[in-house]
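Residue-level structure breakdown
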Protein chains: 2
Amino acid sequence: MLPFARVTVVGLGLIGSSIARAVRATMPTVRVTGYDADPATRLEADALGFLDDVADTPGAAVIDADLVLLCVPVGAMGEAAASIAEDLPTDAIVSDVGGCKVSVAAAIRAAVPDATLVPGHPVAGTEHSGPAAGFATLFQGRWCILTPDGDTDPAAVMRVSAFWERMGAQVEIMDAAHHDLVLAVTSHVPHLIAYSIVGTASDLEEVTRGEVIKYSAGGFRDFTRIAASDPTMWRDVFLNNRAAVLEILQRLQEDVTMLQRAIRWGDGDALFDLFTRTRAIRRSIIEQGQDDARADFGRAHP
Amino acid sequence: MLPFARVTVVGLGLIGSSIARAVRATMPTVRVTGYDADPATRLEADALGFLDDVADTPGAAVIDADLVLLCVPVGAMGEAAASIAEDLPTDAIVSDVGGCKVSVAAAIRAAVPDATLVPGHPVAGTEHSGPAAGFATLFQGRWCILTPDGDTDPAAVMRVSAFWERMGAQVEIMDAAHHDLVLAVTSHVPHLIAYSIVGTASDLEEVTRGEVIKYSAGGFRDFTRIAASDPTMWRDVFLNNRAAVLEILQRLQEDVTMLQRAIRWGDGDALFDLFTRTRAIRRSIIEQGQDDARADFGRAHP
C-alpha cells in the first residue's frame, strides 16, 4: 500500500527535485505537484518534466495534498510553511528535509500550529544545486532521520517512514536536539572546515591560486567538493545550529592544537597512533555501504 | 628517444609500483628492477609481475641502473640512499618521490654526495598502500614537481622530466623550499585536518561511533578517505616539513576562529561571502583537469 497518493514538494532544488524523481521511479501512481518561490526555477522544473504539475502559488500547490514536503533552505522554512498555511488540508501531513531540526521544527510549528508535523532530514546530497542537479537514486542506501516530538501521531510517523523507505532510504527516529549534535559532527563542522581551508588557501600571499589549483590532487581537491555546496543553504545551517556547531568546533580546535604541538615537538608516535586509528572508521563506512569502496572515491583515472 | 634504459625502483608501495607499471605501459622496452626492504613486499611484487626483476639486495638492484628512483617514506630516504651508495653506477641519476623536498634532498645528498640528484614529487596518489594498490595511469594528467638545485646538470633534469612526461605527467621545476610551502597548503595541512576531524568525531562521548558512520554521507566521509592514507608516510611528512605545516596551520586556525566568531554573532553575510568565493576554486580545479567533473567525485549511486 502506498503511504501517500498526492505529494507536494515546496522548493525544487537538488533535494526537492530528487524526491520528485524518486517518487516517479518508485511510486509511479503517486501524483507529485511542485512549487518554488522563484519563477525561473518553476519554469526550469516544468521543462525538466519530473513533476505531474507545477503550481503558480504555494496555496494551489498544497490544496489537495496528503503530504507536503518543505525542501527550502532552513532559514526559509518558517516563511514557506506560512505561505501554505491557509490552504493546507486539515488531514495533510507536513514534513521537511532541513539539515537542522530544533529550529526548523519550531519555525514550521509556529506557522502551521494545527498541522501534523513529522520533521525529517535525508542525509544525502551532492555539491550541485538546482532542479537539474537532482536524480532519482540520491536516497538509495542513505539514512533519513525523522524527529517527531512525543505528541505526534505514530501513524503519521509510520507513513512518512514508509515514504522514505520506498525511495530506498533507511529511516531512523531521533530526538531533534540529538540530531543537531550528530549532524554538527558528521556534516556541519566538516563543511565549515572545508570552506575555511579553501578560503585560507586562496588568500595566501606566498602561494598563488594557480599553484593551489595545479597541485590540488595532493588532497586539497577533496575539500573543494563540499566547499562548492550551496552558500545560502549552508549559511542558514550554521546560523540555525549555532550551539552544536560551536561545541564540536571547539573540540576540533583543541585536537588540532594537540597535533600542532606534536609536530612542533617531533612527537612521531602521537601522530602515528592517530593516523592508524582513523583508518578503521573509513573501513566501517565502506562496510556499511556509506561510501564507494573503490580507491579515490571511484574518480576516473583515464 | 627513451630518457633511460634501465630503471630501478627502491620501495614497492603505491607510488613505486605505479611507476613500474607506468613504465611498462608507456616505455615497454625499458627494463625495470625493483627492491623493497621488506621481503614480503618483494615476494608480493614479484608475484604481481609488474617488474622485470626483483633484486634481493639494494646493491644488486642498482648495479646497472641509469635511473634510480627512491620511493620510500620521507623519513627513510637517507637510509635508502645509503643502502645503494656503494653499488651506484657513477653515471646513474638518482631521483625520489618524497612529499617534502628540503629535508629529503639533504638526506639523500648526505648519503650519496657524488651522485647526480634530481629530487622529484609526483602530486598523485590514492588512500591505498602497498604494491597491489598501484596502477599504470596514476600519473596521467597530474603534476610532477622537480626541485634540482642550481648546480644540477640541466641534461639530467631534462631526462627526468622526459621520463615523467612519458608516463603522462606534466612537469614543473620549483625551488625546494617553495615546494614545501605549496604542498603544506595543497596536501599536508588538508591531510592533518582530515586525520584530526576523524579523530575528534570518534572520541566524542555524546555521539556514538555508529552514528558517525551511519550519517557520514553528510560530508564527513569525504575526510575519511585521505585519513585512511599510510600512517608511516604521513607521520614522516609532518616531521620533515614542520615549519611550513605549522605556518599554514596557524593561518587556518585564525580563519576558523574568524568563522567561529561569525557563527556566534550571527554574521550571515561573512559566511555567505566566503561560501560563494570557494565555489570558484572548485570550478578552476575541474576546468584544469585536476578533479572529476561528475557530481560527488563520480561516486556510484546505484
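Residues numbered from 1 in each chain as written. Chains lettered and ligands numbered in written order. Predicted model: local features only at pLDDT ≥ 70, side-chain atom pairs only at ≥ 80, totals over all residues. Heavy atoms only, no water.

Per an unreviewed UniProt entry, chain A goes by the name prephenate dehydrogenase and belongs to Sphingomonas jatrophae. Taken directly from UniProt, the Sequence similarities (unreviewed entry) text for chain A runs: "Belongs to the prephenate/arogenate dehydrogenase family." UniProt annotates chain A under Catalytic activity (unreviewed entry) with the comment "prephenate + NAD(+) = 3-(4-hydroxyphenyl)pyruvate + CO2 + NADH". (UniProt positions renumbered as here; feature names shortened; annotations may be inferred.)

1. Some thoughts on the overall build of chain A
Of regular secondary structure, chain A possesses 12 helices and nine strands. Taking 19 Å as the expected radius of gyration for a compact globule of 302 residues, we find that chain A reaches 21 Å, a close match to that expectation. By its C-alpha atoms, chain A is 65 × 45 × 35 Å across when sized along the principal axes. For chain A, buried positions account for 60% of its 302 residues. For chain A, the share of sequence-separated contacts (at least 6 apart) that also reach a separation of at least 24 residues comes to 73%. Carbon and sulfur atoms form 53% of the exposed surface of chain A, whose accessible area is close to 11000 Å². (Helix = DSSP H or I, 4+ residues; strand = E, 2+ residues; numbered from the N terminus. Rg over C-alpha atoms; globule rule 2.2 N^0.38 Å. Buried < 20%, exposed > 50% of the residue type's maximum accessible area, 1.4 Å probe, protein only. Contact = heavy atoms within 4.5 Å. Areas by Shrake-Rupley, 256 points an atom, 1.4 Å probe, with all protein chains shown as cover.)

2. Points about the sheet that holds strand 7 (residues 120–122) of chain B
All names here are of chain B. Strand order in the open sheet formed by three strands is 7-8-9, with mixed pairing between adjacent strands. At either margin of the open sheet sits one strand with a lone partner, and together these are strand 7 and strand 9 (170–173). Between one strand axis and the next, the sheet turns by 20° as a mean value, whatever way the strands run. Two elements, strand 7 and strand 8 (residues 143–146), share three bridges in a ladder whose sense is antiparallel. Bridge assignment links Gly120 to a residue of strand 8, and that residue is Leu146. (Pairing = 2+ DSSP bridges. Axes fitted to C-alpha atoms, helices over the stretch in contact; angles between N-to-C directions.)

3. Concerning empty space enclosed by the protein
A water-sized probe rolled over the atoms picks out the places where empty space is left. Tallied over the full model, the rule gives four cavities of 30 Å³ or more. For the largest cavity, the calculated volume is near 60 Å³. Residue lining of the largest cavity: Ile193, Leu252, Gln253 and Val256 of chain A together with Ile193, Leu252, Gln253 and Val256 of chain B, and that is the complete set. Contributions of two or more residues to the lining of the largest cavity are made by helix 11 (242–264) of chain A together with helix 11 (242–264) of chain B. (1 Å grid on protein atoms, 1.4 Å probe; cavity = no way out; pocket = protein on both sides within 12 Å on 5 of 7 lines; lining within 4 Å. Points joined across faces, edges and corners; volume = space filled by probe spheres on them.)

4. Here's the deal with the nonpolar core
Soluble globular proteins tend to pack their nonpolar side chains together in the buried interior. Residues Leu70 of chain A together with Leu70 of chain B are the most contacted members of the largest nonpolar core, which totals 133 residues. With residues up to four places along the chain from it excluded, the contact list for Leu70 of chain B reads Val10, Met77, Ala80, Ala81, Ile84, Val94, Ser95, Asp96, Val97 and Ile108 of chain B. (Core = buried A, V, L, I, M, F, W, Y, C linked by side-chain atoms within 4.5 Å.)

5. Structural notes on unusual backbone geometry
All names here are of chain A. Positioned with a positive phi, Phe297 is a non-glycine residue whose angle comes to about 65°. For Phe297, the location among the structural elements is in the segment after helix 12 (268–287). For Phe297, a relative accessible area of 0% gives the class buried.

6. Structural notes on the sheet that holds strand 7 (residues 120–122) of chain A
Residues and elements named next belong to chain A. Read across the open sheet, the three strands follow the order 7-8-9; overall the sheet is mixed. Strands with a single pairing partner mark the edges of an open sheet, and in this sheet they are strand 7 and strand 9 (170–173). Ignoring strand direction, the axes of neighbouring strands in this sheet form an average angle of 20°.

7. A closer look at the relation of the copies chain A and chain B
Mapping chain A onto chain B leaves a residual RMSD of 0.0 Å; the transformation is a rotation of 180° accompanied by 0.0 Å of translation along its axis. The transformation just described matches what one would write down for a two-fold rotation axis. Both copies share a contact surface, since 100% of the interface residues of chain A are interface residues in chain B too. (Least-squares fit on C-alpha atoms with pLDDT ≥ 70 in both.)

8. Section: the interface of chain A and chain B
Counting residues at the interface gives 115 residues for chain A, matched by 115 residues for chain B. Buried area between chain A and chain B, both sides added, is near 10800 Å², and the carbon and sulfur share of it is 64%. For the chain A face of the interface with chain B, the top three residues by lost area are Tyr215, Ile263 and Phe275 of chain A, together amounting to 7%. The salt bridge involving Asp291 of chain B is made with Arg221 of chain A; its shortest N-O contact spans 3.9 Å. Linking chain A with chain B are 49 residue pairs in polar contact (both at pLDDT 80 or more), by the criterion used here. Of all the elements in the fold, those that place two or more residues in the side of chain A that touches chain B are strand 8 (143–146), helix 7 (176–203), helix 8 (209–214), helix 9 (220–226), helix 10 (231–240), helix 11 and helix 12 of chain A. The greatest single-element share of the side of chain A that touches chain B, amounting to 21 residues, is contributed by helix 7 of chain A. Classifying every residue of the side of chain A that touches chain B by side-chain character gives 54 nonpolar, 33 polar and 28 charged. (Buried area = accessible area lost by both parts, 1.4 Å probe. Salt bridge = Lys/Arg side-chain N within 4 Å of Asp/Glu carboxyl O. Polar contact = N/O pair within 3.5 Å; in protein donor to acceptor, adjacent residues only side chain to side chain. Nonpolar A, V, L, I, M, F, W, Y, C, P; charged D, E, K, R; others polar.)

9. Some details on the packing of helix 7 of chain A against helix 10 of chain A
Residue and element names in this part refer to chain A. The geometry of helix 7 relative to helix 10 is characterised by a closest axis approach of 11 Å and an angle of 120° between their N-to-C directions. Between helix 7 and helix 10, the interaxial angle falls into the category oblique. As helix 7 runs across helix 10, the sense of the crossing is left-handed. Residues Ser187, His188, His191, Leu192 and Tyr195 of helix 7 touch helix 10, and the partners they reach there are Trp234, Val237 and Phe238. (Parallel < 35°, antiparallel > 145°, perpendicular 65-115°, else oblique. Left-handed = near helix turned anticlockwise from the far one by under 90°.)

10. Topic: the packing of aromatic side chains
The final tally for this structure, using the stated rule, is 16 aromatic pairs over all chains. Look at Trp234 of chain B and Phe238 of chain B: their rings are 5.8 Å apart centre to centre, the planes differ by 40°, and that puts the pair in the tilted class. Linking Trp234 of chain B with Phe238 of chain B, this pair stays in helix 10 (residues 231–240), spanning four residues, or about one helical turn. Note on Phe238 of chain B: relative accessible area 0%, which makes it buried. An aromatic cluster of at least three residues, connected via ring pairs, comprises Phe4, Phe139, Phe163 and Trp164 of chain A. The aromatic ring of Phe297 of chain B is capped on one face by Arg299 of chain A, whose charged end is 4.3 Å from the ring centroid. Stacked on the ring of Trp143 of chain A, the Lys or Arg Lys214 of chain B has its end atom at 4.3 Å from the ring centre. (Phe/Tyr/Trp six-rings, centres within 6.5 Å; stacked < 30°, edge-to-face > 60°. Lys NZ or Arg CZ within 6 Å of the ring centre and 35° of its normal.)

11. Quick look at the side chain of Ser216 of chain A
Within the secondary structure, Ser216 of chain A is located in the loop between helix 8 and helix 9. If near-sequence neighbours (up to four positions away) are discounted, Ser216 of chain A is found in contact with Arg221 of chain A together with Thr186, Ile285 and Gln290 of chain B.

12. Things to note about helix 11 of chain B
Over its 23 residues, helix 11 of chain B runs 32 Å from end to end, which matches the ideal 33 Å to within 8%, given 1.5 Å per residue. Every buried residue of helix 11 of chain B is accounted for by Ala244, Val245, Leu246, Ile248, Leu249, Leu252, Gln253, Val256, Leu259, Gln260, Ala262 and Ile263 of chain B. Where helix 11 of chain B is buried, its residues touch helix 7, helix 10 and helix 11 of chain A together with helix 7 (176–203), helix 10 and helix 12 (268–287) of chain B. Residue Gly266 of chain B follows helix 11 of chain B closely and has a positive phi angle near 70°. (Expected span 1.5 Å × (residues − 1).)

13. Things to note about the state of the cysteines
Inspection of every chain in the model, using the stated rule, returns zero disulfides over all chains. We note that Cys71 of chain A lacks a disulfide partner, and the nearest cysteine sulfur, in Cys144 of chain A, lies 10 Å from it. (Disulfide = S-S within 2.5 Å.)

14. Some points on the domain arrangement of chain A
Residue and element names in this part refer to chain A. Assigned domains within chain A: domain 1 (6–174) and domain 2 (178–266). Distance from the C-alpha centre of domain 1 to the C-alpha centre of domain 2: 29 Å. With 17 residues of domain 1 at the contact, the number on the domain 2 side is 16 residues. Summed over the three residues of domain 1 that lose the most area to domain 2, namely Cys100, Glu127 and Met174, the buried surface amounts to 37% of that side. Where domain 1 touches domain 2, the interface holds one salt bridge. Taking the shortest distance from any N to any O, the salt bridge between Arg225 and Glu127 comes out at 2.9 Å. Taken together, the connections running from domain 1 to domain 2 amount to seven residue pairs in polar contact (both at pLDDT 80 or more). Looking at side-chain class alone, the side of domain 1 that touches domain 2 contains eight nonpolar, seven polar and two charged residues. (Domains from an automatic or database assignment.)

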